[in-house]
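# Working through the structure, step by step
These are the residues of each chain, in order.
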Amino acid sequence: MIITIIGTGYVGLVTGVCLSEFGFDVTCIDNQPEKVALLQKNISPIYEPGLEQMMRSNADEGRLHFEGDVSACVPGSDVVFLAVGTPSADNGEDVDLRYVFAAIEDIAPHLKDGVVVIVKCTVVPGTSKRIHDRIGELRPDLDFSVVSNPEFLREGSAIQDFMRPDRVVLGIHDDRGRMAAEQLYRPLKLQDTPITVGSLAGAELSKYAANAFLAMKVSFINQIADLCEKVDGNIIEVSEIIGLDGRIGDKFLRAGPGFGGSCFPKDTRALAAFARKVGAPQDLVEATIEVNEDRKRRMAERVLDAIGDPTGKTVTILGVAFKSDTDDIRESPALPVLDMLIEKGVNVRAFDPKATEPAAKLYPDVVWAGDPYEAALGAHAVVIMTEWNVLRALELDRLRDAMAVPLMIDLRNIHKRKEPTRFGFSYISIGRDRAEPTELDTAAE
Ligand code: UGA
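All figures in this text were calculated on a predicted structure; none of them were measured in a lab.

### Describing the site of the ligand
The local shell around the ligand holds 19 residues, among which Phe-152, Leu-153, Glu-155, Lys-207 and Asn-211 are the closest. Take Gly-260: an N or O atom from its main chain is 2.9 Å from an oxygen atom of the ligand. Out of a free accessible area of 710 Å², the ligand has 94% covered by protein chains. Residue assignment for the shell around the ligand shows that the elements contributing at least two residues are helix H9 (200-231) and helix H11 (264-277). The dominant element in the shell around the ligand, judged by the number of residues it contributes, is H9, at 3 residues. When its residues are assigned to classes, the shell around the ligand shows 9 nonpolar, 2 polar and 8 charged. Two domains share the shell around the ligand, each providing at least three of its residues, namely domain 1 (2-198) and domain 2 (234-445).

Next up, the structure:
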């Protein structure tokens, strides 16, 4: 089967590389020439563990290609994946489908009879049908099918998520689409991956519902963490206890500074706006968004409260990526903290093992250090914003000695409470803070 993938963002690139790993002949297309030039040298424009090695091996085997022009490969393709970006529209809420329909205009003249167009990007219900109708208008004589096949991979574990997914979701309108998609995912089917087959709109909605539900879990546990702080509870304990209930599940119950990234914030807003428009408002999703926005602000305030008068103070931000194992800073909860500190005139130093480059472009006045200890020089507080392993493995005595005041604000709860305090730190975390840990806490940890 010959496959073309339009768009080489996270979803497109990982899908293309993994399908070539399955043995298919795959060409990935991108309209940014500088990106294509990098990809042709087997350099990944994104940091994703394992991706570059897999790219290189499949390109070496002659199964994976990168091009800038659809006319080179779409005419020979049996399957064309749409994996272009679907950002938030200018109003900050609706999903902007302009790149999707621009891609349709581009590929339509080149599609061959019998082609299956697979919609991988996250689009509101009804979009795949619109895509079908638009191709029909542009090519009235073409015999083709459209499949909706949303992607559930996470940044940082994208290869694993593609190769061992919880499920593959297919929305179809005919047997040809179904058969082509099932053929593509046969290696996963043979590993007993559930493959669901339903309507186009059902598949489209399932993607939004999944992200919104997970985001809701995060906002929920973050609010329970607030409650823990009022009643001397410990959020780690509470998460563990409720997670042991199989109906709840133990995933996505880590309290933190709020969710970020390119998906949860954008998709929850898009779902809420879409649902309002079609007359089925999603109150829980609206509340999830509001709780998260408020949380990001309050985390910044928590840092300011902890340092007292900001005049002449230095604060070190450890981690700016929206989560570990990615260099992505889009809607990272670290950004509002940086913004507020800078606004208050605090000197900000920072370190991130992967995201320094994009972050330094946005924050040129921050001092970007090569390691956490250099970043902590003369600081009146360090703030852990991302759960990087390198921050779990901090040498606490070295960190303390670099700082002016040993204050650690751990917004990811990656340290055990007794450890930083044993090294002389004042330690503030999420949902488990009291002035001093008691013997009972120490025993529990
Ligand atoms: C998310 C979904 O998990 C994927 O299934 C989906 O395919 C993807 O969006 C997408 O739509 O493309 P991703 O944005 O890579 O993946 O990141 P997640 O691991 O889901 O984390 C999202 C945010 O929630 C991060 O800011 C993370 O720190 C936060 N989070 C997650 C918590 O604060 N606590 C948790 O327990 C889990």
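### With respect to the packing of aromatic side chains
Any two aromatic rings considered together are summarised by their centre-to-centre distance and by the angle between their planes. In total, this model carries 4 aromatic pairs according to the counting rule given. A ring pair is formed by Phe-162 and Tyr-185, whose centres lie 6.3 Å apart and whose planes are at 45°; its orientation type is tilted. Residue Phe-162 is located in helix H6 (residues 158-163), and its partner Tyr-185 is located in the loop between helix H7 (175-184) and helix H8 (186-189); the two are separated by 23 residues in the primary sequence. For Phe-162, a relative accessible area of 3% corresponds to the buried category. Taken together, the aromatic side chains of Phe-22, Phe-162 and Tyr-185 make up a single cluster linked through ring pairs. Over the face of the ring belonging to Phe-152 we find Lys-207, whose NZ or CZ atom lies 5.5 Å from the ring centre. Seen from the ring of Tyr-373, Arg-398 lies directly overhead, with NZ or CZ sitting 3.9 Å from the centre.

### Details of the domain arrangement of the protein chain
Structurally, the protein chain comprises domain 1 (2-198) and domain 2 (234-445). Centre-to-centre separation of domain 1 and domain 2, based on C-alpha positions: 34 Å. Counting from both sides, the interface comprises 17 residues of domain 1 and, opposite them, 17 residues of domain 2. For the domain 1 face of the interface with domain 2, the top three residues by lost area are Tyr-47, Glu-93 and Glu-155, together amounting to 44%. Scanning the region where domain 1 abuts domain 2 turns up 3 salt bridges. With a closest N to O distance of 3.8 Å, Glu-155 and Arg-330 form a salt bridge.

What counts as what
Residues numbered from 1 in each chain as written. Predicted model: local features only at pLDDT ≥ 70, side-chain atom pairs only at ≥ 80, totals over all residues. Heavy atoms only, no water. Near = heavy atom within 4 Å. Polar contact = N/O pair within 3.5 Å; in protein donor to acceptor, adjacent residues only side chain to side chain. Areas by Shrake-Rupley, 256 points an atom, 1.4 Å probe, with all protein chains shown as cover. Helix = DSSP H or I, 4+ residues; strand = E, 2+ residues; numbered from the N terminus. Nonpolar A, V, L, I, M, F, W, Y, C, P; charged D, E, K, R; others polar. Domains from an automatic or database assignment. Phe/Tyr/Trp six-rings, centres within 6.5 Å; stacked < 30°, edge-to-face > 60°. Buried < 20%, exposed > 50% of the residue type's maximum accessible area, 1.4 Å probe, protein only. Lys NZ or Arg CZ within 6 Å of the ring centre and 35° of its normal. Contact = heavy atoms within 4.5 Å. Buried area = accessible area lost by both parts, 1.4 Å probe. Salt bridge = Lys/Arg side-chain N within 4 Å of Asp/Glu carboxyl O.

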